[in-house]
Amino acid sequence: MTECAVCGRNSNLPRTCRPCRNRIRGLLLGLPEAVVQTWMARHRVQRGTNGERVSASKEAPIPLRMDVLNLLGPSADAVLTGEDQEGPVPVVGVLSAWSDLAAEQTCQKPVSHTVSALTQFLVDHVEWACRQEWVADFAVELEGLLKTLRKVSGIEPVRILLPVTCPTCDLRTMVREEGSGWAAECRYCSVVKLSAREYAQLVAEQAQAVSTPGEV
Ligand SMILES: [Zn+2]
Ligand SMILES: [Zn+2]
């Protein structure tokens with residue numbers, strides 16, 4: 001048994017546990033879609049005040065959102081079309097730094113710096129990456145990147161309230177959040193993050209408590 005470098009729980013795999021490995025893979029797989037959503041949000045939402053008519057004939061340029069452009073870079077189109085691009089692009093910058101490190105440490109050529117190529121390379125090496133001493137930083141940066149992309153695109157992940165109570169705070173605060181990679185997590189207790197198997201076990205325990213209330 002080793003302690004997982006990402007979540008701190010016991011793991012029978014080196015350095016990181018199975019749920020964390022699956023979750024990191026899930027974060028990588030969710031990145032291209034989050035980039036597309038962010039790119040779609042580059043135009044400011046135009047809200048006319050009540051009763052005001054927007055004249056189509058004036059053709060004022062729609063202002064672009066600087067936060068989106070800063071995040072995706074001036075050649076963000078290339079990110080989506082898969083073309084090579086130049087210049088500093090934060091999303092690509094984060095991914096390429098990790099991808100280049102992985103390529104160097106596994107004696108391979110670096111892959112092209114596009115979101116699709118980089119995420120694919122990192123997905124292909126995720127089991128290897130999860131055994132490296134930098135895996136905790138890698139996980140934190142991927143989470144941060146997805147969180148930033150979601151915030152800028154304004155698309156909240158779907159969150160389903162689950163019919164169980166949190167094993168730590170005992171409140172009905174367990175949710176399943178799209179793209180988080182966890183089957184269940186508590187909205188208040190950051191340490192409560194359950195894999196599919198752990199969640200099934202929790203459901204079974206609580207179902208038993210409901211059917212035999214006298215014993216609890
Ligand atoms: Zn873990
Ligand atoms: Zn809780």
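Look above for the structure.
Quantities reported herein were computed from a predicted structural model and do not represent experimental measurements.

(A) The arrangement of the coordination of the zinc ion (ligand 1) in detail. At this site the zinc ion (ligand 1) is bound by Cys4 (SG), Cys7 (SG), Cys17 (SG) and Cys20 (SG), with donor distances of 2.3 Å. In this structure, the zinc ion (ligand 1) is surrounded by 4 donor atoms whose angles at the metal cover 106 to 115 degrees, and the resulting shape is tetrahedral. One chain supplies every donor to the zinc ion (ligand 1), and in sequence these donors are spaced C-x2-C-x9-C-x2-C. Here Cys20 lies in helix H1 (residues 18-40) and Cys7 lies in the loop between strand E1 (2-3) and strand E2 (10-11), a separation of 13 residues in the sequence. Judged by relative accessible area, Cys7 falls into the partly exposed class, the value being 28%. Classification of Cys20 as buried rests on a relative accessible area of 0%.

(B) Representation of the layout of surface pockets within the structure. Estimates place the volume of the largest pocket at around 800 Å³. Around the largest pocket, the lining comprises 31 residues; the ones closest to its centre are Arg23, Glu143, Lys147, Glu185 and Lys193. At the level of secondary structure, the elements contributing two or more residues to the lining of the largest pocket comprise H1, helix H7 (135-153), strand E4 (174-177) and strand E5 (184-186). In terms of residues, the lining of the largest pocket owes the most to one element, H7, which gives 8 residues.

(C) Structural detail: the side chain of His125. By secondary structure assignment, the location of His125 is in the loop between helix H5 (115-124) and helix H6 (126-129). One polar contact links the side chain of His125 to the main-chain carbonyl oxygen of Phe121, over a distance of 2.7 Å. Excluding residues that lie within four positions of it along the chain, His125 makes contacts with Thr106 and Gln108.

(D) Here's a closer look at helix H4 (residues 90-105). For H4, built from 16 residues, the straight-helix expectation of 22 Å at 1.5 Å per residue is met to within 8% by its first-to-last C-alpha distance of 23 Å. If you check which residues of H4 are buried, you get Val91, Val92, Leu95, Ser96, Trp98, Ser99, Ala102 and Ala103.

(E) Up close: the environment of Ser99. Relative to the helices and strands, Ser99 resides in helix H4. If near-sequence neighbours (up to four positions away) are discounted, Ser99 is found in contact with Val111, Leu118, Phe121 and Leu122.

(F) Fine view of the pattern of salt bridges. Tallied over the full model, the rule gives 7 salt bridges. For Arg159, the salt bridge is made with Glu177, and the minimal N-O distance between the two is 3.0 Å. Of this pair, Arg159 sits in strand E3 (residues 159-161) while Glu177 sits in strand E4, and the two are 18 residues apart along the sequence. Across the pair Glu185 and Lys193 runs a salt bridge whose closest N-O atoms are separated by 3.1 Å.

Quick notes on the rules
- Residues numbered from 1 in each chain as written.
- Chains lettered and ligands numbered in written order.
- Predicted model: local features only at pLDDT ≥ 70, side-chain atom pairs only at ≥ 80, totals over all residues.
- Heavy atoms only, no water.
- Donors = N, O, S within 2.8 Å, 3.2 Å for Na, K, Ca; no water.
- Tetrahedral: all angles 85-135°; square planar, octahedral: opposite > 155°, others 65-115°.
- Helix = DSSP H or I, 4+ residues; strand = E, 2+ residues; numbered from the N terminus.
- Buried < 20%, exposed > 50% of the residue type's maximum accessible area, 1.4 Å probe, protein only.
- 1 Å grid on protein atoms, 1.4 Å probe; cavity = no way out; pocket = protein on both sides within 12 Å on 5 of 7 lines; lining within 4 Å.
- Points joined across faces, edges and corners; volume = space filled by probe spheres on them.
- Polar contact = N/O pair within 3.5 Å; in protein donor to acceptor, adjacent residues only side chain to side chain.
- Contact = heavy atoms within 4.5 Å.
- Expected span 1.5 Å × (residues − 1).
- Salt bridge = Lys/Arg side-chain N within 4 Å of Asp/Glu carboxyl O.

Everything listed here is a matter of geometry and, on its own, says nothing about what the molecule does.
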